[in-house]
Amino acid sequence: MDIHGLKQIKGFISDAELTFLYNRAKNTKGVILEIGSWMGRSTMSLALGAQAGHRAKVYAIDCTLPTEFYENIKKFGVEDTVNPITEFEQEANKKWNLPISLFFSDVHYHDDKALANLFVSWGSHLIEGGVVALNNVSPSFLAIFEQSPVWGLPVPKKIGKKYILNSGQFKNCGLAGTILYGTKCSRINFLDKILNSFVSWKIDFYSVLFKVYLIFRKIPFPLKGKIKSFLLRVFK
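Note that the coordinates shown come from a computational prediction; the quantities given were computed from them, not determined experimentally.

## Structural notes on the overall build of the protein
Counting its regular elements, the protein contains 10 helices and 7 strands. The globule rule puts the C-alpha radius of gyration for 236 residues at 18 Å, and the 18 Å found for the protein is close to it. Counting only C-alpha atoms and orienting by the principal axes, one finds that the protein spans roughly 55 × 45 × 30 Å. Across the 236 residues in the protein, those meeting the buried criterion constitute 50%. Put simply, of all contacts in the protein between residues at least 6 apart along the chain, 70% involve residues at least 24 apart. Carbon together with sulfur atoms contributes 57% to the accessible area of the protein, which is approximately 12,000 Å² in total. Counting 30 positive and 19 negative side-chain charges, the protein places the centres of these two groups 9 Å from one another.

## A word on the packing of aromatic side chains
This model, assessed by the stated rule, comprises 10 aromatic pairs. Ring geometry for tyrosine 59 against tryptophan 96: centres 5.2 Å apart, planes inclined by 85 degrees, an arrangement best described as edge-to-face. A residue pair is termed long-range when its members are at least 10 positions apart, and tyrosine 59 in strand S2 (residues 58-62) and tryptophan 96 in the loop between helix H5 (89-95) and strand S4 (100-105) qualify at 37 residues. What makes tyrosine 59 buried here is its relative accessible area of 18%. For the ring pair phenylalanine 119 and phenylalanine 170, a centre distance of 6.2 Å and an interplane angle of 65 degrees mean the geometry is edge-to-face. With phenylalanine 119 in helix H6 (residues 112-123) and phenylalanine 170 in strand S6 (residues 170-176), the pair connects residues that are 51 residues apart, well separated along the chain.

## Some words on H6
Here H6 spans 16 Å end to end across 12 residues, near enough to the 16 Å set by a 1.5 Å rise per residue. Every buried residue of H6 is listed here: Ala114, Leu115, Ala116, Leu118, Phe119, Trp122 and Gly123. The distance from a side-chain oxygen at the start of H6 to the backbone nitrogen of lysine 113 is 3.2 Å, and the residue carrying that oxygen is aspartate 111.

## Describing the pairing of S6
Buried residues dominate S6, accounting for 5 of its 7 residues. Note: S6 against strand S7 (residues 179-184), 5 bridges, orientation antiparallel. From the neighbouring strand, glycine 174 faces S7, where its bridge partner is tyrosine 181. Taking the residues that link successive antiparallel strands as the turn, the S6-S7 hairpin has 2 residues, and the phi of glycine 177 there is positive, at about 65 degrees.

## Considering the pattern of salt bridges
If charged atoms from side chains of opposite charge come close, those side chains can pair. In the structure shown here, the tally under the stated rule is 6 salt bridges. Between lysine 94 and glutamate 91 there is a salt bridge, with the nearest N and O atoms lying 3.2 Å from each other. Separated by 3 residues within a single helix, lysine 94 and glutamate 91 lie in helix H5, roughly one turn from each other. Under the relative-accessibility criterion, lysine 94 is labelled exposed at 64%. Note that aspartate 204 and lysine 161 form a salt bridge whose closest N and O atoms lie 2.7 Å from each other. One end of the pair, aspartate 204, is in helix H9 (residues 190-216); the other, lysine 161, is in helix H8 (residues 154-165), with 43 residues separating them in the sequence. Aspartate 204 sits in the partly exposed class, given a relative accessible area of 31%. By relative accessible area, lysine 161 is classed as buried at 15%. Each of Lys157, Lys161 and Asp204 takes part in a single network of salt bridges with overlapping partners.

## A few points about the environment of leucine 102
As for its position among the elements, leucine 102 is in strand S4. Classification of leucine 102 by relative accessible area gives buried; the value is 3%. Between the C-alpha atom of leucine 102 and that of glutamate 34, which follows or precedes it by 68 residues, the distance is 8.4 Å. In this structure, leucine 102 is in contact with Arg24, Ala25, Thr28, Val31, Ile32, Leu33, Leu46, Leu126 and Val131, ignoring residues within four places of it in sequence.

## Considerations on the pairing of S4
Most of S4 sits inside the fold, with 6 of its 6 residues counted as buried. Two elements, strand S1 (residues 31-35) and S4, share 5 bridges in a ladder whose sense is parallel. Within the sheet, the bridge partner assigned to glutamate 34 lies in S4 and is phenylalanine 104. The pairing of S4 with strand S5 (residues 126-134) spans 5 bridges and is parallel. Residue pairing across strands places phenylalanine 103 opposite valine 132, the latter belonging to S5. For the segment spanning S4, H6 and S5, crossover handedness is right-handed.

What counts and how
- Residues numbered from 1 in each chain as written.
- Predicted model: local features only at pLDDT ≥ 70, side-chain atom pairs only at ≥ 80, totals over all residues.
- Heavy atoms only, no water.
- Helix = DSSP H or I, 4+ residues; strand = E, 2+ residues; numbered from the N terminus.
- Rg over C-alpha atoms; globule rule 2.2 N^0.38 Å.
- Buried < 20%, exposed > 50% of the residue type's maximum accessible area, 1.4 Å probe, protein only.
- Contact = heavy atoms within 4.5 Å.
- Areas by Shrake-Rupley, 256 points an atom, 1.4 Å probe, with all protein chains shown as cover.
- Lys, Arg positive; Asp, Glu negative; His and termini not counted.
- Charge placed at Lys NZ, Arg CZ, Asp CG, Glu CD.
- Phe/Tyr/Trp six-rings, centres within 6.5 Å; stacked < 30°, edge-to-face > 60°.
- Expected span 1.5 Å × (residues − 1).
- Polar contact = N/O pair within 3.5 Å; in protein donor to acceptor, adjacent residues only side chain to side chain.
- Pairing = 2+ DSSP bridges.
- Salt bridge = Lys/Arg side-chain N within 4 Å of Asp/Glu carboxyl O.
- Right-handed = clockwise from strand over helix to strand, strands pointing away.

Below is the structure:
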């Protein structure tokens, strides 16, 4: 996958997140759904992964898809893979009848009710064994160091914990950049609960570190460079 090429597309998805989406799409046999596409940086990563794997279809839903989105579809040669849907996700959901194998949500950062409703309504279409990926749940220090100004926000963090980590319906949970992901299952065992709790703790820990980072930004430049080098060694 050409990460450099994908990063020429305007957007805030980091290298780690692009790689995660590509690899998940590559291993997905069924329908891939993305809500919140904008210029298509994440969409192209999903589509290229799908093309390299099982040729799954990628449905990209956004209330507005700019001209650049369609230009990127042609540029990356994924016209036969991506199905753009220019609608509000609530309206699209009323007509949706396909089982979903990979669901990536990248919207409603500041509206907990809207994000909760999205997760419930679209999550009902996610098959057992399907993967959900919710963006902007946890701070990602590598993304910040890559000049990608994206970090965890309170609403995705709250919804991710409630509907993924604490729901009892997802296992194999983890973080990829700011993305929280999990695999849908009928029930989880005791070990799954422990691992989900660890991921939840990790998100809280990173959130505290992010507050420290905000203080770090005010430190004089020479000292800042040394601290940045140390943190890069820790988190890589």
